[in-house]
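Residues per chain, in single letters:
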Amino acid sequence: MTTYYINQIPVEELLIKIVDERRQPRDLRAYDSDVAVFFAGPDGIVRAGGGYGYISMSYKGYVSYEFGNISPFTVAGDYKIQLKLSRVEVGELVHYDLTDIATLEVRKGLI
């Protein structure tokens with residue numbers, strides 16, 4: 001698990017591996033490339049990350065998240081992260097799946 005710090009805007013993207021119920025990499029080719037990423041802080045407030053999530057290696061189950069200009073990390077504690085994978089078909093409803101919830105640790109830094 002990667003540790004982040006309050007108000008940090010990471011330079012490197014967050015790489016998230018999506019697995020199936022057997023803990024094997026999930027094939028993500030059925031989904032659109034854009035991925036919605038949601039963070040919930042220790043206060044329980046759910047925030048859109050403010051960055052850009054996308055499927056980076058569909059056949060290996062990887063999603064990349066590039067952090068935006070505003071840090072999603074406003075207080076110290078454990079943050080929950082969940083992804084919304086969707087498929088939009090013309091003239092039809094949007095179909096989507098939610099991933100399992102992962103945890104990120106956020107600490108108070110020295111600066």
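Note that the structure is predicted; figures quoted are calculated from it, not measured.

Description of the nonpolar core
Leu14, Phe39, Val63, Phe73, Ile81, Leu83 and Leu104 are the most contacted members of the largest nonpolar core, which has 20 residues in total. Residue assignment for this core shows that the elements contributing at least two residues are β2 (14–17), β3 (34–40), β6 (62–66), β7 (77–88) and β9 (102–107).

A few points about the packing of aromatic side chains
For the coordinates displayed, the defined rule picks out nine aromatic pairs. The ring of Tyr96 carries Lys84 above its face, with NZ or CZ at 4.3 Å from the centroid.

A look at the pairing of strand β5 (residues 52–57)
Here is the key point about a regular strand: its side chains alternate between the two faces of the sheet. Summarising the sheet, β3 and β5 pair through two bridges and their orientation is antiparallel. Of the residues in β5, the one forming a bridge with Asp34 is Tyr54. Across five bridges, β5 lies against β6 in antiparallel orientation. Counterpart to Gly53 in the pairing with β6 is Tyr65.

Some words on the confidence of the model for the protein chain
Model confidence for the protein chain is summarised by a mean pLDDT of 90, while 96% of its residues fall at 70 or above. The secondary structure element of the protein chain with the lowest average pLDDT is strand β4 (residues 46–48), at 82, and the one with the highest is β6, at 96.

A closer look at the environment of Gly68
Residue position: Gly68 is located in the loop between β6 and β7. Along the backbone, Gly68 and Glu89 are 21 residues apart, and their C-alpha atoms lie at a distance of 28 Å. Ignoring any residue separated from it by four or fewer positions in sequence, one finds Gly68 in contact with Ile9, Gly50 and Gly51.

What counts as what
- Residues numbered from 1 in each chain as written.
- Predicted model: local features only at pLDDT ≥ 70, side-chain atom pairs only at ≥ 80, totals over all residues.
- Heavy atoms only, no water.
- Core = buried A, V, L, I, M, F, W, Y, C linked by side-chain atoms within 4.5 Å.
- Buried < 20%, exposed > 50% of the residue type's maximum accessible area, 1.4 Å probe, protein only.
- Helix = DSSP H or I, 4+ residues; strand = E, 2+ residues; numbered from the N terminus.
- Phe/Tyr/Trp six-rings, centres within 6.5 Å; stacked < 30°, edge-to-face > 60°.
- Lys NZ or Arg CZ within 6 Å of the ring centre and 35° of its normal.
- Pairing = 2+ DSSP bridges.
- pLDDT = per-residue confidence, 0-100.
- Contact = heavy atoms within 4.5 Å.

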